[in-house]
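# Residue-level structure breakdown
What follows is the residue order along each chain.
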Amino acid sequence: MSTTPPARQVALLGGGFSAGDDGLIDDWLLGHARVPRPRVCFVPTASGDAEGYVARFRAAFEPRGDCEATVLSLFRRELDDQALRAFVLAQDVVYVGGGNTANLLAVWRVHGLDRLLREAYDLGTLMCGVSAGANCWARGSHTDSFGPLTFLPDGLGLLPGSVCPHYDTEAGRRESYRAFVASGALPPGWAVDDGAAALFTDGHLTEAVTRVPAARLYRVEPDGRGGTTERALPCAALPSG
């Protein structure tokens, strides 16, 4: 008797609780979890497990009745390898916070969390995040992890191609990302405005949404002439209230 493998999903978030938004993006996200009341694990590694960031997550998610909120700290790790694996595989949503993408990936690899997240992804856990928490899932990303904006080619690769967050709000993002894609330093990819979000299923874009009219998701690819093409994707407006 054959069974259908679970859908493997990644969500790139251009907002959410950490941006002080109205909750629309987080509401949308939870609506795509595999169970009605998902276990949502916040992973604040990119911020060095900043206590204020964790407190904002808890304030936003713990009072909700439609999910169960937990936090995974690696800088003050308490779980051994077996318990860590059991904890990660028990989550329905892994929500990665912003900060330093390069540091996040390095710490995850030291602790073996990168392998556990891939295992959970293959079992149907929804992987998501904002800023560095969006970058980490792709093969490459556009980042300020090293100071000036540059490219980082060694992400987890759950999502093919590359990711650029804060496309419309941070100075130099658009021009720099397009230059790296044009040169081949980064593969073709997805640029996310603040206020937009996108869901990928088995590596393919399946939904794009926005909480503000101007925010968009873009597909950026080389144009074959030393430049790039930038294509805005249709985004459904998230219903307020």
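Up top is the structure these notes are about.
Summary of the structure given here.

The rules we used
- Residues numbered from 1 in each chain as written.
- Predicted model: local features only at pLDDT ≥ 70, side-chain atom pairs only at ≥ 80, totals over all residues.
- Heavy atoms only, no water.
- Axes fitted to C-alpha atoms, helices over the stretch in contact; angles between N-to-C directions.
- Helix = DSSP H or I, 4+ residues; strand = E, 2+ residues; numbered from the N terminus.
- Parallel < 35°, antiparallel > 145°, perpendicular 65-115°, else oblique.
- Contact = heavy atoms within 4.5 Å.
- Nonpolar A, V, L, I, M, F, W, Y, C, P; charged D, E, K, R; others polar.
- Pairing = 2+ DSSP bridges.
- Buried < 20%, exposed > 50% of the residue type's maximum accessible area, 1.4 Å probe, protein only.
- Arc of directions from axis to C-beta.
- 1 Å grid on protein atoms, 1.4 Å probe; cavity = no way out; pocket = protein on both sides within 12 Å on 5 of 7 lines; lining within 4 Å.
- Points joined across faces, edges and corners; volume = space filled by probe spheres on them.
- Polar contact = N/O pair within 3.5 Å; in protein donor to acceptor, adjacent residues only side chain to side chain.
- Core = buried A, V, L, I, M, F, W, Y, C linked by side-chain atoms within 4.5 Å.

## What to know about the packing of helix 4 (residues 101-111) against helix 5 (residues 113-122)
It is at 5 Å that the axes of helix 4 and helix 5 come closest, and there the two elements cross at 85°. On the basis of their axis angle, the class for helix 4 and helix 5 is roughly perpendicular. Contacts between helix 4 and helix 5 involve Trp108, Arg109 and His111 on the former and, on the latter, Leu113, Asp114, Arg115 and Leu117. Considered class by class, the residues forming the contact of helix 4 with helix 5 number three nonpolar, one polar and three charged.

## So, the sheet that holds strand 3 (residues 68-71)
Sheet strands line up and pair through hydrogen bonds in the backbone, either parallel or antiparallel. With mixed pairing, the eight strands of this open sheet are ordered in space as 3-2-4-5-1-10-11-14. With one partner strand each, in any of the chains shown, strand 3 and strand 14 (236-237) form the two edges of the open sheet. Across four bridges, strand 1 (residues 9-13) lies against strand 5 (residues 126-130) in parallel orientation. When the bridges of strand 5 are listed, Leu13 appears paired with Val130. Lying over the sheet, helix 5 contacts strand 1, strand 2 (39-43), strand 4 (93-96) and strand 5, oriented at roughly 125° with respect to strand 5.

## With respect to helix 5
Taken as a whole, helix 5 has its buried residues at Leu113, Asp114, Leu116, Leu117, Ala120 and Tyr121. The arc that holds every buried residue of helix 5, seen down its axis, measures 160°, which confines them to one face. Residues of helix 5 that are buried sit in contact with strand 1, strand 2, helix 3 (81-89), strand 4, helix 4 and strand 5. Once helix 5 finishes, Gly124 follows within two positions and takes phi at roughly 110°, a positive value.

## Some details on empty space enclosed by the protein
Over the atoms rolls a probe the size of a water molecule, and in doing so it shows where empty space is left. Inspection of every chain in the model, using the stated rule, returns two cavities of 30 Å³ or more. Volume-wise, the largest cavity comes out at about 50 Å³. In terms of lining, the largest cavity is formed by Leu12, Leu13, Gly14, Val130, Ser131, Ala134, Val163, Pro165, His166, Val192 and Asp194. Here the residues of the lining of the largest cavity are counted per class, giving seven nonpolar, three polar and one charged. Each pocket or cavity is described by its volume, and for the second largest cavity that value is around 30 Å³. Of all elements in the fold, only strand 2, helix 3 and helix 5 reach the threshold of two or more residues within the lining of the second largest cavity. Taken together, the residues of the lining of the second largest cavity sort by class into eight nonpolar, one polar and no charged.

## Here's the deal with the environment of Thr125
With respect to the secondary-structure elements, Thr125 resides in the loop between helix 5 and strand 5. Overall, Thr125 belongs to the buried group, its relative accessible area being 1%. With 81 residues separating them along the chain, Thr125 and Pro44 place their C-alpha atoms 18 Å apart. In terms of polar contacts, Thr125 uses its side chain to reach the side chain of Arg34, at 3.4 Å.

## So, the nonpolar core
Grouped together as the largest cluster of nonpolar side chains are 42 residues, with contacts concentrated most on Leu12, Trp108, Leu113, Met127 and Trp137. With sequence-adjacent residues up to four places away left out, Trp108 is seen in contact with Val43, Thr45, Leu74, Val96, Leu113, Asp114, Leu117, Cys136, Trp137 and Leu156. In terms of nonpolar packing, the next biggest core, distinct from the first, is built from 26 residues, Leu30, Phe42, Phe57 and Ala69 among them.

## Digging into the pairing of strand 5
The element strand 5 is extensively covered by neighbouring structure, given that five of its five residues are classed as buried. Neither face of strand 5 is left uncovered, since the one carrying Leu126, Cys128 and Val130 and the one carrying Met127 and Gly129 both have all their residues buried. Bridge count for strand 4 against strand 5 is four bridges, and the pairing is parallel. In the sheet register, Val93 faces strand 5, and the bridge partner there is Leu126.

The values are spatial; any link to function lies outside them.
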